[in-house]
Amino acid sequence: MSTLLRQSAGRLLSGLMVLWMVSMLAFLIIHMAPGDPARMLLSASGLDAPPAEAVAAKRRELGLDRPLLSQYVSWLGAVVQGDFGVSYRSGKPVWSMYRERLPATLLMAGLVLTVSLSIAIPLGLISAIKRHSLLDHAAQFLAVIGAAIPGFWIALVLILVFAAKLRWLPALGSATFKGMLLPAIVLALPNIALTSRLVRATTLDVLNQQYIVTARAKGRSEYGLLFGHALPNIAASLITPISLELAFLLTGTVIIETVFAYPGVGRMAVEAALVGDMPVLGLSVLIAGGIYVIANWCADLGMAALDPRLRQNANN
Amino acid sequence: MLIAVIVGPWLWQVDPLAQNIGQRLAPPSLSHPLGSDQFGRDVLARMLIGGRWSLFGAGFVCIGTSCLGLVLGACCAVGPRWLDYLLSRITETFQAIPPVLLALALSAILSRSFSNLLLALILTNWTWYARMYRALILKELAMPYIEGAQAIGVKPLAILLRHVLPNLFGSMVVIATTNFGSVILNLSALSFIGFGLNPPTPEWGNLINESRAFFQREPRLMIIPGLCIATTVLWLNLLGNALRDRLDHYQGIRD
């Protein structure tokens, strides 16, 4: 057990180190931006042409006259306590801005993951069992094509067909079922293509293992083989890709959210980047890093829980 | 597609910026095989020039990331363990942040221009290369011939440059080709949401963006650049797969 503990501690430590580096990166992003934060904050609070003394006082208040390192330390201290600063544009705390947008993104990520897994896993399994069937080739074809088409373009084509021509669905996204349908389809398609191919490859791999041959020799039915022996192993190897996919959906749907004007955190980042609202971007980067690290930890834990061999190896 | 983009502008000598208001949104005809856009500009000429920006931009990013990834991967593979650990954590840090988000932040810092967009793409794209090259170099260094070279007293740097590098060349081509397509997709996506070339310069991504205002009346303006991107990326992905099957010492190492 001690090796497993040491391994987990090592993972935890590298994760923490990555988090720390992400925090430095976020800090640099906030501070390397062009423009004077003091001036921007004063204009955000309603002063059109703030007098020089006011700007200087604000700079002192924000600590901008101090050396970069001491600014970083006090910034990190505030971040650890949940204070992520205020937006240069609206003057509101960026954390509350983020929290307003978060439910829409969470909802979308949940929907996309549910839809894509419930299609991709059966599709991949069937493709593997009935290899070289029509369905297998069709899935292969779609996966190759799907990897080449830009998502934002599919989004526009879907808007053109279903919103502009047929008028079935709204062109603009919103956190309602109808408003989420089109963006969810666009986000789920590449997911389905990738995951179904992955499931297929893993299934073929698992079905070639010795223990499957043994179980078959002992007279286990093919369905028993698949669901009793193969599926747990397939699930174990899917944990990491799926948790990384979830991490991506929670942070990286920037482009698609922009196309549909969907009120999620990705579009907030684009809006912030366009107007140079760096604290918002800094928070997005920070949270993206945090989600990635946590997703990796969860994937490791899940792997250890599902695959006894990992625990076994650690014991020896 | 590559050939069309390189040779095309010479064969089809129509100014992609020349406006002709009388010909606004004209359907395809003999003088404009793909029709004209909202300012009466020739779509075919704009597609060809736009393809140059997209493909050369993405090519530049691939070469840049290859070099950066190779150097960092080599540092990880042959450097001391603390350097390997540090660089691996830095790689993970950059992997932890979605490329699009990082590119957004960088373009907000660096002001919006095409060269800064390329720089941002390089900075967000190198992690995958670095991990790949680290694994490849480690694998190569474990080969018996390296031990032989060390035994007869070849200096470590000479081993890297003269023995390892030439053997990596095939894999480098495969890696860059495989990645080329996704760089084109990322480049056009960022350019599409407005971080890239400014109009009127055409690029496949911003051509799609410009067509959004008219795409109900004239879907052609949006469909054509999208098809250009899709066919190019499809072709590159297939080429990458074919090359990988050919040069199979890349196989077995997957990130």
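Residues numbered from 1 in each chain as written. Chains lettered and ligands numbered in written order. Predicted model: local features only at pLDDT ≥ 70, side-chain atom pairs only at ≥ 80, totals over all residues.

1. Section: the overall build of chain B
Secondary structure assignment for chain B yields nine helices and zero strands. Buried residues in chain B amount to 45% of all 255 residues. (Helix = DSSP H or I, 4+ residues; strand = E, 2+ residues; numbered from the N terminus. Buried ≥ 20, exposed ≤ 12 C-beta atoms within 10 Å, placed from the backbone.)

2. What about the overall build of chain A?
Counting its secondary structure elements, chain A contains 14 helices and zero strands. Across chain A, helices and strands are ordered from the amino to the carboxyl terminus as α-α-α-α-α-α-α-α-α-α-α-α-α-α. Radius of gyration (C-alpha) of chain A: 25 Å, far over the 20 Å computed for a compact globule of 316 residues. Based on the C-alpha atoms only, the size of chain A along its principal axes is roughly 85 × 65 × 30 Å. Restricting the contact set of chain A to residue pairs at least 6 apart, pairs at least 24 apart contribute 73%. (Rg over C-alpha atoms; globule rule 2.2 N^0.38 Å. Contact = placed C-beta atoms within 7 Å.)

3. A word on unusual backbone geometry
Residues and elements named next belong to chain A. Of note, His132 is a non-glycine position whose phi angle comes to about 65 degrees, a positive value. Secondary-structure assignment places His132 in the loop between α5 (94-129) and α6 (134-148). According to the C-beta neighbour criterion, His132 is exposed, with 9 such atoms within 10 Å. At Ala261, a position not held by glycine, the phi torsion is positive, near 50 degrees. With respect to the helices and strands, the residue Ala261 is situated in the loop between α11 (254-259) and α12 (265-275).

4. Digging into the packing of helix α4 (residues 99-110) of chain B against helix α5 (residues 114-141) of chain B
Residues and elements named next belong to chain B. Between α4 and α5, the shortest axis-to-axis distance is 9 Å and the interhelical angle comes to 140 degrees. One element, α4, and the other, α5, form an angle in the oblique class. Relative to α5, α4 is oriented so that their crossing is right-handed. Side by side, α4 and α5 meet where Pro99, Leu102, Ala103, Leu106, Ser107 and Leu110 of the first sit next to Asn116, Leu117, Leu119, Ala120, Leu121, Leu123, Thr124 and Asn125 of the second. (Axes fitted to C-alpha atoms, helices over the stretch in contact; angles between N-to-C directions. Parallel < 35°, antiparallel > 145°, perpendicular 65-115°, else oblique. Left-handed = near helix turned anticlockwise from the far one by under 90°.)

5. Looking at the UniProt feature "transmembrane region" (unreviewed entry) in chain A
All names here are of chain A. On the UniProt side, "transmembrane region" (unreviewed entry) is annotated at positions that read residues 12-33, 106-129, 141-163, 175-194 and 246-265 here. For the annotated span residues 12-33, helix accounts for 91% and strand for 0% of the residues, and the straight-line distance between the end C-alpha atoms is 32 Å. This span, residues 106-129, is 100% helix and 0% strand, and a straight line between its end C-alpha atoms measures 34 Å. (UniProt positions renumbered as here; feature names shortened; annotations may be inferred.)

6. Describing the nonpolar core
Nonpolar side chains in soluble globular proteins tend to be buried together. Core analysis: the largest hydrophobic core is formed by 144 residues, its most contacted members being A:Ala155, A:Ala269, A:Leu281, A:Val285, B:Leu101, B:Leu104 and B:Ala105. Two domains each put at least three residues into this core: domain 1 (3-80) and domain 2 (94-308) of chain A. The contacts of A:Val285, once residues within four sequence positions are left out, are A:Val22, A:Leu25, A:Ala26, A:Ile29, B:Ile97, B:Leu101 and B:Ala105. (Core = buried A, V, L, I, M, F, W, Y, C linked by C-beta atoms within 7 Å. Domains from an automatic or database assignment.)

7. Side note on the domain arrangement of chain A
All names here are of chain A. Considered domain by domain, chain A is made up of domain 1 (3-80) and domain 2 (94-308). In this structure, domain 1 and domain 2 have C-alpha centres spaced 33 Å apart. Contacts between the two partners involve 13 residues from domain 1 and, on the opposite side, 13 residues from domain 2. Of the residues contributing to the side of domain 1 that touches domain 2, the split by class is nine nonpolar, three polar and one charged. (Nonpolar A, V, L, I, M, F, W, Y, C, P; charged D, E, K, R; others polar.)

8. Some remarks on the interface of chain A and chain B
At the interface, 40 residues of chain A touch 34 residues of chain B. Looking at the side of chain A that touches chain B, the elements that each hand over two or more residues are α1 (2-31), α6, α7 (151-165), α10 (222-251), α11, α12 and α13 (278-306) of chain A. The element that contributes the greatest number of residues to the side of chain A that touches chain B is α13(A), accounting for eight residues. Grouping the amino acids of the side of chain A that touches chain B by side-chain chemistry returns 33 nonpolar, seven polar and no charged.

9. A look at the confidence of the model for chain B
Residue and element names in this part refer to chain B. Within chain B, residue pLDDT values average 76, and 77% of them lie at 70 or more. pLDDT under 50 marks residues 250-255. Its contacts with residues more than four places away, or in other chains, come to 10 contacts. Here the prediction assigns the complex a pTM of 0.79, and the interface score ipTM is 0.76. (pLDDT = per-residue confidence, 0-100.)

10. A short note on the packing of α12(A) against α4(B)
Closest axis-to-axis distance for the α12(A)/α4(B) pair is 8 Å, and the angle between their directions is 15 degrees. The angle between α12(A) and α4(B) falls in the class roughly parallel. Where α12(A) crosses over α4(B), the two elements pack in a sense that is left-handed. Residue-level contacts link A:Ala269, A:Val270 and A:Ala273 of α12(A) to B:Leu101, B:Leu104, B:Ala105, B:Ser107 and B:Ala108 of α4(B). The class makeup of the residues in the contact of α12(A) with α4(B) is seven nonpolar, one polar and no charged.

11. Remarks on the environment of A:Leu244
By the secondary structure assignment, A:Leu244 is in helix α10. With 221 residues separating them in the primary sequence, A:Leu244 and A:Ser23 have C-alpha atoms 20 Å apart.

12. Some points on helix α7 (residues 156-192) of chain B
In an α-helix, one turn spans 3.6 residues, which is why side chains three or four residues apart end up on the same side. Helix length check: α7(B), at 37 residues, gives a terminal C-alpha distance of 46 Å against a target of 54 Å (1.5 Å per residue), a shortfall beyond 12%. The sharpest bend along α7(B) measures roughly 45 degrees and falls at B:Leu165, with the proline B:Pro166 sitting one to four residues further on. (Expected span 1.5 Å × (residues − 1). Bend = angle between axes of the 7 residues up to and from the residue.)

13. As for α4(B)
Residues and elements named next belong to chain B. Taking 1.5 Å per residue, 12 residues should reach 16 Å; α4 reaches 16 Å between its end C-alpha atoms and fits that length. Taking burial as the measure, the 12 residues of α4 include 11 buried ones, the bulk of the element. Burial in α4 covers these residues: Pro99, Val100, Leu101, Leu102, Ala103, Leu104, Ala105, Leu106, Ser107, Ala108 and Ile109. Taken from the residues just after α4, Ser111 is the one with a positive phi, measuring 70 degrees.

14. Focus on the environment of B:Ser182
Residue and element names in this part refer to chain B. Summarising the element assignment, Ser182 is placed in helix α7. The class for Ser182 is partly exposed, based on 19 C-beta atoms found within 10 Å. C-alpha of Ser182 to C-alpha of Leu117: the two residues are 65 residues apart in sequence and 15 Å apart in space.

15. A word on the environment of B:Thr231
Residue and element names in this part refer to chain B. Locating Thr231 in the fold gives a position in helix α9 (residues 220-246). Classification of Thr231 as partly exposed rests on a count of 13 C-beta atoms within 10 Å. Put simply, Thr231 and Ile97 are 134 residues apart on the chain and 29 Å apart in space, counted from C-alpha to C-alpha.

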